[in-house]
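So you can see what is in the structure, the chains are spelled out below.
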Amino acid sequence: MRNRPYATVLKPYGQALVDLARERREIVCLTGDLTRQCEIDLFQEMFPERFIHAGMAEANMVSMAGALARCGHIPFVHSFGVFSTRRPLDQIVNSVAYPNLPVRIVGFMPGVSSPGGPSHQAIEDVALMRAIPNMTVVDVADAVEIRKALPVIVDHPGPVYLRLKRGEIPVIFEDDHEFSMTKAQVIRDGDHVSLLANGMMLSAAIAAAEALDTAGVSTRVVNVPVIKPLDAGTVLDVARRSKLVVTAENHSIIGGLGSAVAEVMAEAGVGCPLRRIGLRDTFAEGARTAPPLFRKYKLGTQDIIDAVWSGLSRQGAAPAAPAVDAAPGEYAPV
Amino acid sequence: MIPNRDLGRFADRLRLRAVQMVAPHGFGYLGQMLSSAELFAALYARHYRPETDRIVISPGHYIIAAYAAAAEIGHLDEALLETYGHDGSSLEAIGTEKSPAVDLTGGSLSQGLSGACGFALALKMAGNTDSRVYALVSDGELEEGQLWEAALFAAHNRLDNLTVLLDANDSQVDGPVSSITTLEPIAAKWESFGWAAFDVDGHDVEAVDAALGQAVRAGRPAVVIGRTSTVHGLSVLPEGADGHFIKLPEELAEAAIAELEARLA
């Protein structure tokens, strides 16, 4: 694990897809008009014969991708998360998921990382995709994980929804980090509280754990990039050894990571309290930049710390989140 | 290939098979077969090559017609037709992933043309210039936006290996399509989207056959619009029968079979 503030890189997904497509001729790349924003201008330049511009027509794009998969291609379909899930939901169900085809639906700009208002903020994409049979749902945390995830995802037999941060992507993990479709990873050990996080909330969970440890609360951090199928074994194992479980996701608390963890804990009868960090059944709004939205909707490091503090009924003031001090080109969580 | 003079009998044999499939249930998607019988007869007898081409039945409710036609050309075991719509059968009444003898179908309407575009694109990417994609589409599907997304894509990407057979039977669940949404001028809409369009009497099987031939040679995506009726070719049906979902009680089924068998005798 590297230290905050994290260095950032540009287009790690786009580069990883190009690298993979060099070997894997079955890969075709579909875009719904956000080519550069989805980092696939790299693919367009390198493999124009396998690049399909569907225009702003997500329903047609997804149904075509299903047919291309039937012909032996592995389609990667790209747009912002809102447009790649909400808008063609019925097409994802009927043209892709029900036939269990190897279409990879990629949704950029998750949750409130977009300051573009509710139309651009994918706050329920994980819930929508998780509810669909056959669908695998992945929310990766950094550039290393993206690079490690793609070669694994490409050979998954059914459809996958891949949720990706847009723009400057932090480098959090060391190069030997491994991505697994079946295992969540304890990336920081502790024996009192477990923080389960993924995507853009992982770095906040790490920062929160450091502050909590300093304040005497031994805190474990589990990276859960695969929300479905959830690694119930690891979730239950850490929950049974914790006084409190806190989930953190850049998404609604309904239907995403927090819900998935709650379901397996409740069904197994694991009795420790659970707190969920995420949008609390509300739309956000437009802003100049994203960080104020993370603060307003309580998706920050401090909010995780506060949830632990109150969840453990600790007296006195909760420890303060480490100061955010990221220079241009660096990344630190809110 | 079956000579043209037999195409009308081919169409009536499809009607008879469909009546026999629907009869045990007392109701079903018979109107779809009655309206599209000549379209399927021309397509399956004269153009579609099962081992070479792709066939998409966009509205899954028309799968009855694809089953009847596939059985008629020996591409589907006709004994299976008796299981149509019964519990546990792979021949579900609305087409699904289990449906045999087609490359793509489904019950959520207007996704088929997009799938057909995907097939046509895949053939081009593979350098296959022989195979073609045929898609059966219904006029009610023209109400969905996705169909026009696909139509734009096909024309822009010059998918000249794609032919749509459009059953314009003016029927949807709530009544005549024309009473709900004005789709006309249908041919001009497709033409303005960059398609070749051929507007024919969909019960004139030779006209359909000729139009399909022109469509295949059009050099761009093409649509054959067949103007049809959901009660065509079965005079025993009562006045005002609901073409989307025809009731066929036992006596009516017997009369329908008798009418068709007499015509085929």
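Treat the numbers as computed from the prediction; the structure is a model and nothing was measured.

Draft legend 1. Summary view of helix α2 (residues 30–46) of chain B. Residue and element names in this part refer to chain B. Compared with an ideal rise of 1.5 Å per residue, which puts 17 residues at 24 Å, α2 spans 23 Å between its outermost C-alpha atoms and is within 8% of the ideal. Where α2 bends most, the angle comes to about 60°, and this point is S36. Extensive coverage of α2 is indicated by the burial of 17 of its 17 residues.

Draft legend 2. Representation of the nonpolar core within the structure. Formed by 206 residues in total, the largest nonpolar core has its most connected members in A:L195 and A:A205. If one sorts the elements of this core by residue count, α2(B) sits on top with 11 residues. Looking at this core, you find at least three residues from each of domain 1 (8–170) and domain 2 (185–310) of chain A. Residues contacting A:A205, with those up to four places away along its chain left out, are A:L195, A:A197, A:V221, A:A248 and A:I304.

Draft legend 3. Up close: the domain arrangement of chain A. All names here are of chain A. Domains assigned within chain A are domain 1 (8–170) and domain 2 (185–310). The distance between the C-alpha centroids of domain 1 and domain 2 comes to 25 Å. Between domain 1 and domain 2, the residue contacts involve 27 residues of the former and 31 residues of the latter. Sorting the residues of the side of domain 1 that touches domain 2 by element identifies α6 (125–130) and β6 (136–139) as the ones contributing at least two each. Among the elements that take part in the side of domain 1 that touches domain 2, β6 stands out by supplying 4 residues, more than any other. Across the side of domain 1 that touches domain 2, the residue classes tally to 14 nonpolar, 7 polar and 6 charged.

Draft legend 4. The arrangement of the pairing of strand β10 (residues 193–197) of chain A in detail. Residues and elements named next belong to chain A. Judged by how many residues are buried, β10 sits mostly within the fold: 5 of 5 residues are covered. Residues of β10 alternate between two faces, with V193, L195 and A197 on one and S194 and L196 on the opposite face, all of them buried. Regarding topology, helix α8 (residues 202–214) serves as the crossover connection from β10 to the parallel strand β11 (residues 219–223), and that connection is right-handed. Judged from the 5 bridges that link them, β10 and strand β13 (residues 244–252) form a sheet pairing that is parallel. Paired with S194 across the two strands is V245, which belongs to β13.

Draft legend 5. Region of interest: the pairing of strand β7 (residues 222–227) of chain B. All names here are of chain B. For β7, the tally of buried residues reaches 5 of 6 residues, placing the bulk of the element in the interior. Pairing between strand β5 (residues 162–168) and β7: 6 bridges, direction parallel. By the bridge assignment, L166 is partnered in β7 with I225. As defined by bridge partners, strand β6 (residues 196–201) adjoins β7 across 6 bridges and the pair is classed as parallel. In the strand pairing of β7, A197 is matched with V223.

Draft legend 6. Geometry of the sheet that holds β6(A). All names here are of chain A. One open sheet holds the 7 strands; their spatial order is β3-β2-β4-β5-β7-β6-β12, and the pairing between them is mixed. Looking along the sheet, the strands with just one partner apiece sit at the ends: β3 (51–53) and β12 (226–228). Between one strand and the next, the sheet's axes are offset by a mean angle of 20°, whatever the strand orientation. Relative to β3, strand β2 (residues 27–31) runs parallel, the two being bridged by 3 bridges. Considered in β3, the bridge of T31 is made with H53. Each of β5 (104–108), β6 and β7 (160–164) touches helix α7 (residues 143–153); the most contacted strand, β7, lies at about 170° to it.

The rules behind these values
Residues numbered from 1 in each chain as written. Chains lettered and ligands numbered in written order. Predicted model: local features only at pLDDT ≥ 70, side-chain atom pairs only at ≥ 80, totals over all residues. Helix = DSSP H or I, 4+ residues; strand = E, 2+ residues; numbered from the N terminus. Expected span 1.5 Å × (residues − 1). Bend = angle between axes of the 7 residues up to and from the residue. Buried ≥ 20, exposed ≤ 12 C-beta atoms within 10 Å, placed from the backbone. Core = buried A, V, L, I, M, F, W, Y, C linked by C-beta atoms within 7 Å. Domains from an automatic or database assignment. Contact = placed C-beta atoms within 7 Å. Nonpolar A, V, L, I, M, F, W, Y, C, P; charged D, E, K, R; others polar. Right-handed = clockwise from strand over helix to strand, strands pointing away. Pairing = 2+ DSSP bridges. Axes fitted to C-alpha atoms, helices over the stretch in contact; angles between N-to-C directions.

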